[in-house]
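# Working through the structure, step by step
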Amino acid sequence: MRGASAGKRFWEWLTHKRSIGFGLERLGYLTLRFPKAVAILVIALSVLAASQVPRANVDGDLLRVYADSGHEYEAYKRLADTFGTFENDIYLLVTSPRLTDPQVLERMRELAFDLELSDFAAGTLSPFSLRKPSGDGGTVPAVPEGMTEPAQVAAALSDLQQNDPMMRNLINPDLSGIVMIMFPNPELTRGAGVKTMIAQLRELAASYESADLHVELTGPPIWTSEMLNAAVGDQVKFTVYGFALGALIALFSLRSFWGALIVAATPFVAVMWTMGGVLLFFGSFSFLTIIVTTLVLVIAFAESLFFVFNWLAYWRDGMDPYRAVDETVKVVGPASALTMLTTLVSFASLSMTPGQGIQEFSMAGTLASLLNFTCLMTFLPLLLKAAVRFGFRLPKPSGIVLTSPMKLSWFLATRFSRLLAGGAIAITILLFIPYALIQPHFSFEEMVAKDSTALTAAEQIDQGVGGVAPLYIRVPLKDKVADVTDADFATIKTVHEILEKHLGENKVISAASFTHYADSGFSREQIFEAVGSFLRRRFITDDASQALVTGFMPTVIDSDSLKAFVTETQADLNAAGITNAEIGGFRILTTFATDDIVRSLQLDLTVSVLVNLFLIGFAFSSIRVALATAIPNLFPVLGTEAYLYFTGQGLQLTTVISLTIAFGIAVDDTTHFLSHYLHSRRAEGRPHLDAIRHTMSRIGGAIVATTIILCTGTGIVMTSDLPQVALFGTLFVITLGLALIGDVFILPALLVAGGRFFHPLVGARAPNLTHAAEPQGASPSRPAAE
């Protein structure tokens with residue numbers, strides 16, 4: 001008993017005289033107390049942020065998402081540092097209906113030479129750049145020069161395609177096309193260099209286009225460029241359409257043009273501050289952090305509209321408009337602080353997952369949450385008082401469209417509360433089943449822009465020759481002899497054959513690819529000399545301590561198939577006694593690292609839900625409030641995961657992120673609802689049912705309007721050309737839509753059905769719901785901030 005009594009005393013001490021916003025709403029009180037000083041700070045912060053916006057850029061490096069994410073990234077980095085990789089190579093698919101025409105062939109040779117002379121080329125690989133050993137100890141072009149008849153060309157190319165292992169990866173079997181590969185200089189392709197390189201290569205390809213020759217570019221840099229263009233285009237579209245739709249919804253909700261502009265001003269400033277902050281701290285946006293600005297846009301619109309709704313309600317109740325601003329800060333400020341904290345917790349929880357991309361997204365989202373709240377508590381109160389001073393008039397009340405759902409909700413809650421509450425609890429419990437069964441899923445195709453011409457070209461290369469999606473097996477060598485001993489060569493050959501067994505003929509290249517020349521009497525030294533020093537380093541390190549065997553997978557392959565392939569290949573390597581070989585590559589990294597990241601993010605989501613539910617209960621000093629919050633907010637998250645499970649989409653990188661952030665935002669309306677409900681009971685002395693009805697009539701329209709803004713704003717994301725981003729928007733809208741059902745129908749039903757359970761809340765020892773410290777110097781008729 002003593003322990004329980006001590007615990008109770010500790011809880012009472014901890015919660016004594018504490019607001020539900022943990023005092024963060026004091027920022028709003030400072031605005032009311034020192035409006036001029038705060039206005040100067042707002043202007044200064046805006047100028048600083050605006051100065052950063054011209055630097056806005058998006059880093060298209062996908063490795064930034066996976067950097068420092070674990071074992072797979074470290075293995076990939078070791079591989080890239082040792083050999084370089086084919087991941088950044090540019091592939092040119094050159095096709096012609098008259099490939100065997102000598103003139104067409106020579107035109108292709110000219111293209112290959114021009115490609116080799118590119119400022120960005122560290123090296124090239126094509127049928128025209130390769131040489132083969134000659135009988136006199138020298139080398140000759142692999143594709144003979146000076147051929148005059150189509151039959152000669154056809155015979156020469158067919159012989160090479162059938163007998164030369166390297167040519168099998170570069171010449172289509174039906175002689176309809178060839179592949180040229182350019183290895184970019186990494187020093188010249190940093191930053192904006194990739195964009196310049198691709199532009200030059202497109203210009204080069206266009207100069208060779210004719211009725212007899214068609215050139216298509218593909219490869220990871222092209223895919224990344226398309227993704228980058230799509231991401232930038234999406235951001236412009238999301239921002240412009242988001243502001244337009246948000247302003248229209250505000251206009252419809254408030255029935256006032258100037259009121260809509262006031263609501264839209266806060267998200268404009270919040271987005272500018274967020275962009276400036278992200279650029280100041282990270283230097284650029286990534287594929288993930290660029291989403292943060294859209295989230296800030298819709299969250300700021302929703303919070304701004306909610307704030308203005310309450311301000312107008314006090315004004316309509318007869319309160320002086322200046323005093324109404326003060327009262328809104330005192331009543332809404334603590335709840336807004338708590339909703340900011342729940343969103344912040346959702347973003348911050350992602351930091352438990354390793355990986356530079358996730359860490360940056362978590363930090364950017366946390367920073368954005370703080371800046372958004374700061375904007376709400378400083379800029380918006382100043383703007384509202386300025387608007388009144390400049391003649392803003394009270395608009396007409398909201399229309400029936402926003403209030404009718406609350407009338408239906410009240411009817412159902414009073415007539416069928418137990419049925420609705422019991423059904424909601426049962427459904428939520430059942431939704432834990434797909435939550436437990438759902439598995440991670442990854443597909444590279446879903447990361448590439450829709451209608452990607454580069455992806456189409458890559459699939460054509462897959463069908464014809466080696467492919468553009470490489471994976472690697474790093475093979476340690478024992479003897480470390482420059483031209484490779486027979487024992488080490490036998491090891492390389494074994495690994496080559498194992499990989500070819502799983503990928504298919506002509507899909508693997510390594511030092512063992514040149515057995516055709518060795519069988520013809522040429523030494524390995526002569527063969528390596530013919531290959532050239534640059535390409536030799538793709539097979540054997542300079543110190544001959546490691547060899548690389550490269551296989552080419554289909555460009556489009558699902559994660560389960562790739563995992564099975566790696567497992568089977570590793571088993572064959574172990575059976576052959578080659579246990580120290582390491583399988584790697586960007587596709588291996590993205591598949592396995594995404595799997596680990598998604599599982600970790602799923603844990604982050606669980607932690608975010610539990611922490612936020614505890615935070616709300618702690619803020620209101622009531623476990624009863626936490627329990628009331630649980631069902632309306634677990635329902636939308638579990639419902640969305642059930643949608644993913646039953647549609648077979650599984651958990652992906654952006655899906656878990658969207659669920660985590662959507663939960664943090666969805667709980668906002670629940671917090672505002674409970675804050676007003678408890679204020680009605682504790683401060684205004686209303687009975688239980690009357691407090692519920694008053695809350696629904698006071699803020700119900702705001703909940704509906706803010707959800708419409710959130711769904712509409714993030715709904716624009718569904719139109720993205722990037723499938724992963726579009727899915728992010730889809731899941732966000734589903735989660736928020738289910739959250740609206742939870743707040744408008746389930747929560748009131750739970751409160752009505754649990755009347756006896758929630759009745760003690762009126763007498764509970766609790767933190768102040770309206771204010772932790774009264775703004776000083778305000779008179780009843782006109783606030784000090786006037």
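Every residue gets a number counted from 1 within its own chain, in the order that chain's sequence is written. Only residues with pLDDT of at least 70 get local features here, since the model is predicted, and only at 80 or more are side-chain atom pairs given and counted; chain-wide, interface and lining totals rely on the full set of residues. Calculated side-chain values reflect all of the structure's heavy atoms, with hydrogen atoms and water omitted.

We now examine the overall build of the protein chain. Per the convention used, a helix needs a DSSP run of H or I reaching at least four residues, while a strand needs a run of E reaching at least two, with both numbered from the N terminus. If you tally the helices and strands in the protein chain, you get 29 helices and 10 strands. The burial tally for the protein chain puts 59% of its 786 residues in the buried class. Contacts between residues were defined by any pair of non-hydrogen atoms, one from each residue, lying within 4.5 Å. Relative to all contacts within the protein chain whose residues are 6 or more apart in sequence, the contacts with residues 24 or more apart total 82%. Here the Shrake-Rupley method, with its probe set to 1.4 Å, supplies the accessible areas, and only the displayed protein chains count as covering residues. Total accessible area on the protein chain is roughly 30700 Å²; 60% of this is exposed by carbon and sulfur atoms. Under the scheme applied here, a residue whose accessible area is under 20% of the maximum for its type counts as buried, over 50% as exposed, and between as partly exposed, the area being computed with a 1.4 Å probe on protein chains only.

Working definition: the strands of a sheet are paired by backbone hydrogen bonds and lie parallel or antiparallel to each other. Ordered by their spatial adjacency, 4 strands build an open sheet running β8-β9-β7-β10, and the pairing between neighbours is antiparallel. Across the chains shown, the open sheet's two edge strands, defined by having one partner strand only, are β8 (508-509) and β10 (582-584). Pairs of strands are assigned from DSSP output, requiring at least two bridges between the strands. Where strand β7 (residues 469-476) lies against β10, 3 bridges are found, and the strand directions are antiparallel. Among the inter-strand pairings, R474 is bridged to a residue of β10, identified as E582. Only the stretch in contact is used when fitting a helix axis, every axis being a line fitted to C-alpha atoms; angles between N-to-C directions are given from 0 to 180 degrees. Its contacts with the sheet put helix α5 (residues 71-83) on β7, β9 (546-553) and β10, and the angle it makes with β9 is roughly 115 degrees. Those strands touched by helix α24 (residues 586-619) are β7, β9 and β10, and its axis lies near 100 degrees from that of β7.

With that out of the way, let us pick up the packing of helix α12 (residues 290-316) against helix α14 (residues 356-389). For the pair α12 and α14, the least separation of the axes is 10 Å and the interaxial angle reads 35 degrees. As for the relative orientation of α12 and α14, their crossing is right-handed in sense. On the side of α12, the interface is formed by I291, V292, L295, V296, I299, A300, E303, S304, F307, V308 and W311, while α14 contributes F361, A364, G365, A368, N372, L376, M377, L380, P381, L384 and V388. For the contact of α12 with α14, a count of residues per class yields 18 nonpolar, 3 polar and 1 charged. Two helices crossing with the near one rotated counterclockwise from the far one by less than a right angle form a left-handed crossing, whereas a clockwise rotation gives a right-handed crossing. Ten residue types, Ala, Val, Leu, Ile, Met, Phe, Trp, Tyr, Cys and Pro, are classed as nonpolar, four, Asp, Glu, Lys and Arg, as charged, and the remainder, Gly among them, as polar.

Looking now at helix α19 (residues 486-503). The end-to-end C-alpha separation of α19 is 25 Å, in line with the 26 Å expected for 18 residues at 1.5 Å each. For α19, the complete set of buried residues consists of D488, F489, I492, V495, H496, I498, L499 and L503. Positive backbone phi, approximately 110 degrees, marks G504, located one or two places after α19. To estimate the expected span of a helix, count its residues, drop one, and scale the result by 1.5 Å.

The topology assignment puts T670 in helix α26 (residues 653-682). By relative accessible area, T670 is classed as buried at 0%. Only 2.4 Å separates the side chain of T670 from the side chain of D743, close enough to count as a polar contact. Among residues more than four places away in sequence, those in contact with T670 are T629, N633, D743 and L747. A 3.5 Å cut-off defines polar contacts: any pair of N or O atoms within that distance qualifies, except that in protein one atom must be a possible hydrogen donor and the other a possible acceptor, and neighbouring residues in sequence count only when both atoms are side-chain atoms.

Once that is clear, we can look at a nonpolar patch on the surface. A cluster of nonpolar side chains, namely V232, V236, V240, Y241, L245, L248, L251, F257, W258 and L261, defines an oily patch on the protein surface of about 960 Å² accessible area. Mapped by element, the contributors of at least two residues to the nonpolar patch are α10 (220-254) and α11 (257-282). Top contributing element to the nonpolar patch by residue count: α10, with 7 residues. Mapped onto the secondary structure, W258 falls in helix α11. The patch calculation keeps residues exceeding 30% relative accessible area without a salt bridge and links them within 9 Å when they carry like charges or within 5 Å when they are nonpolar (Val, Leu, Ile, Met, Phe, Trp, Tyr). The working definition used for a salt bridge is a side-chain nitrogen of Lys or Arg within 4 Å of a carboxyl oxygen of Asp or Glu.

This paragraph deals with the sheet that holds strand β6 (residues 214-218). If you walk across this open sheet you meet the 4 strands as β2-β5-β1-β6, and the pairing is antiparallel. Each edge of the sheet is formed by a strand with only one pairing partner; in this case those strands are β2 (121-125) and β6. Neighbour-to-neighbour, the strand axes of the sheet open up by a mean angle of 20 degrees, direction not taken into account. As paired strands, strand β1 (residues 90-95) and strand β5 (residues 177-184) are joined by 6 bridges and run antiparallel to one another. For L92, the partnering residue across the bridge sits in β5 and is M180. Of the strands in this sheet, β1, β5 and β6 touch helix α9 (residues 193-208), which is tilted by about 165 degrees from β6.

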